[in-house]
Amino acid sequence: MELKYDKIQTTGTDTPLKIVKGHFATNHAHTNYYFDLTTVKSRLSEAGGIAQALVHMYLYDMIVDTIVCMEGTEVIGTLLAQELTKGGFMSKNAHKTIYVIKPEFNSNSQIVFKDNYRAMINGKNVLILTATVTTGLTINKAIEGVQYYGGIIQGISAVFSALENVNGIPIKSVFGLKDVPDYQYSDYRNCPLCKEGKKLDALINPYGYSKL
Ligand SMILES: O=C(O)c1cc(=O)[nH]c(=O)n1[C@@H]1O[C@H](COP(=O)(O)O)[C@@H](O)[C@H]1O
């Protein structure tokens, strides 16, 4: 059974964000919304809408050699690279090639780049692209990993972020708290919805949800 979602809009793009109100558990928090990014990540027109919104928000001015795609954002990342390298567009990357890569994870959930990918990170201007940021713990692992492999982090882009920066690095997102002002997240030991006795609706992770 699918969850029933609403669609919300934001400035800068026609691409909507599908949101479901309820009680959800991520690997780091309990939340009162699930953001369903399935179509944003996999439908060409929606992924392209997000890519264009990010370019117009701030990316045209940034030098990018490599886009590291987290959480299934490879389609958005590819279209982003295409936008940034387009001729006739006022981008510092116009006519340059951009690498679009995704990391591996080891058994400690740390980011690993095999030796054949290291040249795409080491000394390169890296943009980290992710789907959603809530506590920032997941994106922090990406930051640590890219820095460990010698990448110069130029920016972090997300589809939705509840945070404006992580460890001093700004996160620019298409959707944010301004679009979902009642978004709440908390440690599972301190969750107001649990305290009210409300059962969890689903477990969520970047692949989607599993209803409980
Ligand atoms: O809390 C999220 O960020 C989140 C919200 C959501 O609706 N769906 C979802 O998959 N998440 C994921 O939950 C994980 C926790 O995010 P952080 O709290 O920022 O580490 C990340 O992998 C997010 O992508």
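Note: the structure precedes this text.
Computed from a predicted structure; not experimentally measured.

Caption draft 1: Molecular detail of the side chain of Thr13. On the secondary structure map, Thr13 appears in strand β2 (residues 13-25). Given a relative accessible area of 10%, Thr13 falls into the buried group. Among the polar contacts listed, one links the side chain of Thr13 to the backbone nitrogen of Thr15, at a separation of 3.0 Å. Among all residues touching Thr13, those that are not within four sequence positions of it are Gly49, Ala53 and Val174.

Caption draft 2: Highlighting the sheet that holds strand β8 (residues 125-133). Read from one edge of the open sheet, 6 strands run β5-β4-β8-β9-β11-β10, paired in mixed fashion. Edge strands, defined here as strands with exactly one partner in the open sheet, are β5 (99-101) and β10 (165-166). Bridge analysis of strand β4 (residues 66-69) against β8 gives 4 bridges, and the strand direction is parallel. Within β8, the residue paired with Cys69 across the bridge is Leu129. In the packing of helix α2 (residues 44-57) onto the sheet, the strands contacted are β8, β9 (152-161) and β11 (169-176), and the crossing angle to β11 comes to about 130°. Together, β4, β8, β9, β10 and β11 form the strand contacts of helix α4 (residues 137-148), whose direction differs from that of β8 by roughly 165°.

Caption draft 3: Local environment of the pairing of strand β3 (residues 30-36). The element β3 is largely enclosed, with a buried count of 7 among its 7 residues. Both β2 and β3 contribute to a ladder of 6 bridges, which runs antiparallel. From the neighbouring strand, Ala25 faces β3, where its bridge partner is His30. A loop of 4 residues connects β2 with β3, the two strands running antiparallel in sequence.

Caption draft 4: Broad picture of the packing of aromatic side chains. This model, assessed by the stated rule, comprises 10 aromatic pairs. A centroid spacing of 5.4 Å and a plane angle of 90° characterise the contact between Phe113 and Tyr149, whose relative ring orientation is edge-to-face. Here Phe113, found in the loop between β7 (111-112) and β8, pairs with Tyr149, found in the loop between α4 and β9; they are 36 residues apart in sequence, far enough to count as distant. Here Phe113 matches Tyr149 in class, with each residue buried.

Caption draft 5: Looking closely at the site of the ligand. Close to the ligand lie 17 residues, the nearest being Phe35, Glu71, Thr134, Thr135 and Thr138. A distance of 2.8 Å separates an oxygen atom of the ligand from a polar side-chain atom of His28. When isolated, the ligand has an accessible area of 470 Å², and the protein chains bury 98% of it. Elements with a minimum of two residues in the shell around the ligand: β3, β8, α4 and β13 (202-205). Counted by class, the shell around the ligand contains 7 nonpolar, 9 polar and 1 charged residues.

Caption draft 6: Molecular detail of helix α3 (residues 74-85). Along its 12 residues, α3 runs 16 Å from first to last C-alpha, staying within 8% of the 16 Å computed at 1.5 Å per residue. Residues of α3 that are buried: Ile76, Gly77, Leu79, Leu80, Ala81, Glu83, Leu84 and Thr85. Looking at the buried positions of α3, the neighbouring elements they touch are α1 (38-42), α2, β4, β5, β8 and β9.

Conventions used here
Residues numbered from 1 in each chain as written. Predicted model: local features only at pLDDT ≥ 70, side-chain atom pairs only at ≥ 80, totals over all residues. Heavy atoms only, no water. Helix = DSSP H or I, 4+ residues; strand = E, 2+ residues; numbered from the N terminus. Buried < 20%, exposed > 50% of the residue type's maximum accessible area, 1.4 Å probe, protein only. Polar contact = N/O pair within 3.5 Å; in protein donor to acceptor, adjacent residues only side chain to side chain. Contact = heavy atoms within 4.5 Å. Pairing = 2+ DSSP bridges. Axes fitted to C-alpha atoms, helices over the stretch in contact; angles between N-to-C directions. Phe/Tyr/Trp six-rings, centres within 6.5 Å; stacked < 30°, edge-to-face > 60°. Near = heavy atom within 4 Å. Areas by Shrake-Rupley, 256 points an atom, 1.4 Å probe, with all protein chains shown as cover. Nonpolar A, V, L, I, M, F, W, Y, C, P; charged D, E, K, R; others polar. Expected span 1.5 Å × (residues − 1).

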